[in-house]
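An overview of the molecular structure
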Amino acid sequence: MSLSKRQRTRVIRGSQYALLAVIVVVVALVADWGQLRRAFFDVGIARELFPDILTTALVNTVLYTLLGFGFGLVLGLVLALMRLSSVPPYRWIAVTYIEFFRGVPALLVFIALGFGVPLAFEVALDQYVTVMLSLGLVGAAYMAETIRAGILAVPKGQTEAARSLGMSHGRAMVSIVIPQAFRIVLPPLTNELILLTKDSSLVYLLGLSLGQYELANFGRDALNEYKSLTPILVAGLLYLVITLPLGHLVRRLEARTAKAR
Amino acid sequence: MTTDRATTGGAPAAGEATAIEVTGLHKSFGALEVLKGIDFTVRRGEVVCVIGPSGSGKSTLLRCVNLLEEPTSGTVTVAGTEVTGPDVDIDRVRRRIGMVFQSFNLFPHLTALENLTIAQRRVLRRDRAAAERTARANLARVGLSDKERSYPAQLSGGQQQRVAIARALSMDPELMLFDEPTSALDPELVGDVLAVMRSLADEGMTMLVVTHEMSFAREVADRVVFMDGGVIVEEGPPDRVVGAPQHERTRTFLARVLDPAAAEVGEVADTGPEGKRVDR
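Numbering of residues starts from 1 in every chain and runs along the sequence as written. To read the labels, note that chains go from A and ligands from 1, taken in the order they are written. Note on the predicted model: pLDDT of at least 70 is required for a residue's local features to be given, and 80 or more for side-chain atom pairs to be given and counted; whole-chain, interface and lining totals, by contrast, use all residues. Just so you know, side-chain values use all the structure's heavy atoms and leave hydrogens and water out.

Attention now goes to the confidence of the model for chain A. Here pLDDT means the predictor's own confidence in every residue, given as a number from 0 to 100. Per-residue pLDDT for chain A averages 86, and the proportion of residues at 70 or more is 97%. Mean pLDDT across the elements of chain A ranges from a minimum in helix α3 (residues 43-49) of chain A, with 74, to a maximum in helix α8 (residues 156-164) of chain A, with 96. Segments assigned H or I by DSSP are reported as helices when at least four residues long, segments assigned E as strands when at least two residues long, and all are numbered from the N terminus.

Let us look at helix α7 (residues 127-153) of chain A. The span you would expect from a helix comes to 1.5 Å times its residue count less one. Counted at 1.5 Å a residue, the expected span for α7(A) with its 27 residues is 39 Å, and the 38 Å between its end C-alpha atoms agrees. Taken as a whole, α7(A) carries its principal kink of about 35° at A:Ala140. Bending is quantified residue by residue as the angle between axes fitted to the seven-residue window ending at that residue and the seven-residue window starting at it.

A word on the interface of chain A and chain B. Listed as interface residues are 20 residues of chain A and, on the opposing side, 23 residues of chain B. Each of two parts loses accessible area, computed with a 1.4 Å probe, when they are put together; buried area is these two losses added. Interface of chain A and chain B: buried area, both sides summed, is about 1900 Å²; carbon and sulfur atoms make up 58% of it. By definition here, a salt bridge exists when the distance from a side-chain nitrogen of Lys or Arg to a carboxyl oxygen of Asp or Glu is within 4 Å. In this structure, the connection of chain A to chain B is made through two salt bridges. Close ionic contact of A:Arg163 with B:Asp91 constitutes a salt bridge, the shortest N to O distance being 3.1 Å. Pairs of N or O atoms are called polar contacts if they sit within 3.5 Å, as long as, within protein, a hydrogen donor faces a hydrogen acceptor (for residues adjacent in sequence, only side-chain-to-side-chain pairs). Linking chain A to chain B there are five residue pairs in polar contact (both at pLDDT 80 or more). Of the residues forming the side of chain A that touches chain B, the biggest block, eight residues, is contributed by α8(A). Three categories are distinguished: nonpolar for Ala, Val, Leu, Ile, Met, Phe, Trp, Tyr, Cys and Pro, charged for Asp, Glu, Lys and Arg, and polar for the others, with Gly belonging to the last. Broken down by class, the residue content of the side of chain A that touches chain B amounts to seven nonpolar, seven polar and six charged. Contact definition: two residues touch when any of their heavy atoms are within 4.5 Å.

Our focus in this paragraph is the UniProt feature "transmembrane region" (unreviewed entry) in chain A. Residue and element names in this part refer to chain A. UniProt positions are given in the numbering used here, feature names are shortened, and annotations may be inferred rather than shown by experiment. Within the UniProt annotation, "transmembrane region" (unreviewed entry) is assigned to residues 62-82, 103-121, 127-144, 165-186 and 229-250. Between the C-alpha atoms that bound residues 103-121 the distance is 25 Å, and the span itself is 89% helix and 0% strand. The distance from the first to the last C-alpha atom of residues 229-250 is 31 Å, and the span holds 95% helix and 0% strand.

Moving on, we get to the pattern of salt bridges. Residue and element names in this part refer to chain B. Throughout the structure, instances matching the rule amount to 25 salt bridges over all chains. A salt bridge links Glu-46 to Arg-43; the shortest N-O distance between them is 3.2 Å. Burial classification: accessible surface area is computed with a 1.4 Å probe over protein chains only, and a residue below 20% of its type maximum counts as buried, one above 50% as exposed, and the rest as partly exposed. The buried category is assigned to Glu-46, whose relative accessible area is 4%. Linking Arg-128 and Glu-132 is a salt bridge whose minimum nitrogen-to-oxygen distance equals 3.6 Å. Of this pair, Arg-128 and Glu-132 both sit in helix α4 (residues 128-141), four residues apart, roughly one helical turn.

The next thing to look at is the domain arrangement of chain A. Parsing chain A into structural domains produces domain 1 (1-31) and domain 2 (32-260). For every domain, the bounds stem from an assignment made automatically or drawn from a database. Computed from C-alpha coordinates alone, the two centres of domain 1 of chain A and domain 2 of chain A are separated by 40 Å.

Now for the sheet that holds strand β1 (residues 18-29) of chain B. All names here are of chain B. A pair of strands is considered paired only if DSSP assigns at least 2 bridges between the two. One open sheet accounts for four strands, arranged β2-β1-β4-β5; its pairing is antiparallel. Edge positions in the sheet fall to β2 (32-43) and β5 (81-82), since each has one partner strand and no second. Strand direction decides the pairing type here: strand β4 (residues 73-78) and β5, joined by two bridges, are antiparallel. In the sheet register, Val-78 faces β5, and the bridge partner there is Thr-81.

Turning our eyes to something else, we now look at empty space enclosed by the protein. A pocket here means an open set of points on a 1 Å grid, computed over the protein atoms alone, that has protein on both sides within 12 Å along at least five of seven lines. A cavity is instead a set of points where a 1.4 Å probe fits but cannot get out; residues with an atom within 4 Å of a point line either one. Grid points are joined across faces, edges and corners, and a volume is the space filled by probe spheres set on the points. Counted by the stated rule, this structure contains two cavities of 30 Å³ or more. By volume, the largest cavity is sized at about 40 Å³. Around the largest cavity sit A:Ala161, A:Ser164, A:Leu165, B:Met99, B:Phe101, B:Ala164, B:Arg167 and B:Ala168, which together line it. Those elements that place two or more of their residues in the lining of the largest cavity are α8 of chain A together with α5 (157-169) of chain B. Considering every element that reaches the lining of the largest cavity, the biggest residue donor is α5(B), with three residues. Partitioning the lining of the largest cavity into residue classes produces six nonpolar, one polar and one charged. Of the volumes computed, that of the second largest cavity is approximately 30 Å³. Lining of the second largest cavity is provided by B:Ala19, B:Arg44, B:Ala79, B:Glu174, B:Leu175 and B:Thr206. Classifying every residue of the lining of the second largest cavity by side-chain character gives three nonpolar, one polar and two charged.

Helical periodicity: at 3.6 residues per turn, an α-helix aligns residues three or four positions apart in one direction. If you check α5(B), its first and last C-alpha atoms are 18 Å apart, about what 13 residues at 1.5 Å a residue would give, namely 18 Å. Within the span of α5(B), buried status applies to B:Gly158, B:Gln159, B:Gln160, B:Gln161, B:Arg162, B:Val163, B:Ala164, B:Ile165, B:Ala166, B:Arg167, B:Ala168 and B:Leu169.

Take the packing of aromatic side chains next. Put simply, two rings from Phe, Tyr or Trp (the six-membered ring, in Trp's case) pair if the centres are within 6.5 Å, and we call them stacked under 30 degrees between planes, edge-to-face over 60, tilted for the rest. Applying the stated criterion across every chain yields a total of four aromatic pairs over all chains. Ring geometry for A:Phe100 against A:Phe101: centres 5.1 Å apart, planes inclined by 85°, an arrangement best described as edge-to-face. Given a relative accessible area of 47%, A:Phe100 falls into the partly exposed group. Accessibility expressed as a relative area gives 13% for A:Phe101, which makes it buried. Ring geometry for B:Phe226 and B:Phe253: centres 5.3 Å apart, planes at 40°, overall tilted. Placement of B:Phe226 in strand β9 (residues 223-228) and of B:Phe253 in helix α9 (residues 248-258) is noted, with a sequence separation of 27 residues between them. Accessibility assignment for this pair places B:Phe226 and B:Phe253 in one class, buried. Joined through ring pairs, the aromatic side chains of A:Tyr97, A:Phe100 and A:Phe101 make up one cluster. Two conditions define a charge located above a ring, namely a distance within 6 Å from the ring centre to NZ of Lys or CZ of Arg, and an angle within 35 degrees of the ring normal. Taking the ring centre of B:Phe29 as reference, the NZ or CZ of B:Lys27 above it sits at 4.9 Å. The cationic tip of B:Arg167 hangs over the ring face of B:Phe107; the distance from NZ or CZ to the ring centre is 4.4 Å.

Put into structure tokens, the structure is as follows:
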């Protein structure tokens, strides 16, 4: 029996679906649904989480993320410009910074900043400042590389046109190159925002007070209080409430960029 | 090398009458020597067209005038300021030199009007009203008053190039450099751009134009410079250089340009650092 190419494709595709279905069914049969339902879907507990999980936890997650993103964006832009500078020491500093903070887990940065800085400088940093610094320092390393790629993607003729109109190098950067670079890197920067949203869960390391809890920490706390996994599920869903629209935004921005080319 | 200087005769005129003066200009990109000793002068109000095969160094010469390329040696003086001098403020000199590129290089994130106002405001420090007044006048000059709110992507190539000319004019330049301004255009759009350049020439603008448009060179230029292999082979009035060239190389080039069917004959180096840079 010989199959045509199309028939063969169909058979392979069909067996892939069958395998997937078997795995799902086996997992579904093996799992103890009663236990899971009691652990994760306790509506009574879920109800008790509101409205605090929204007014405190969700708000704090968004706030921490935006603080870290804002600081990281500014620092990332500075690092990108240093990385592209014609002054060698600037380039070395930027490369060292980027390689270091990209290569070290954010968790360690949080611990180092949260406990190291107060020791070193004998200052008690405001919790929000610590969060902004730690998230921003790590985010900046990634964003610097993204922004650098964006600046390099702006055609050389743009700088030449700006310079031949008498603009200084700096003026050409600020008025002509950077605005175009940011349009180019808007989709990857939005991805960066999604990553930071999730990284903001690391602030639990700083030992926050109740009003400073963000989603992950709030969920863990409620987990201990209610001896139920329901808060984890709710917290997870609320992360999706933040990140799914952002993901949608990325796809739209990418589609728009593709059209503009 | 023989150089014909029909119209340059005599000692260089006093600073004011000379718009561009180039002496002993050499430019190398690594081991590749693109300009091998260029001497020439553009007088105020003169229209000079530079012609020559690809890779002959004509775009590089133009880009050395406003220092987009740093000359390896030699001097370039623009309107009395030696731009190759040690303490020159190049940004200040460039304000006085309008430049038009082959690939337009309009700022895509700004409207036509903003393309014309941004340098007036950020460089010349004109206030918004004054900048917009100048910008509108120049858009009218190139026949695009109705396009001030359009973004470059919404304009045809010919319209973009005319906006680019208006952008350069909005800085009230003393002279204009054109680097193959019609080479990236569809043939039916070339005419509008040339018409704008022609009217600029009629108004007495000093213009240095690198071009392949022989009819433009012939009708508008006061002088034509033929370059090949990094040197000026021949220069003079258009009816002499284009009409009755003295040199074999000029004749070969003109034969190929005016009769594209003969383009295969006598291949000249077709690549070089000044080669086609079409952005995007």
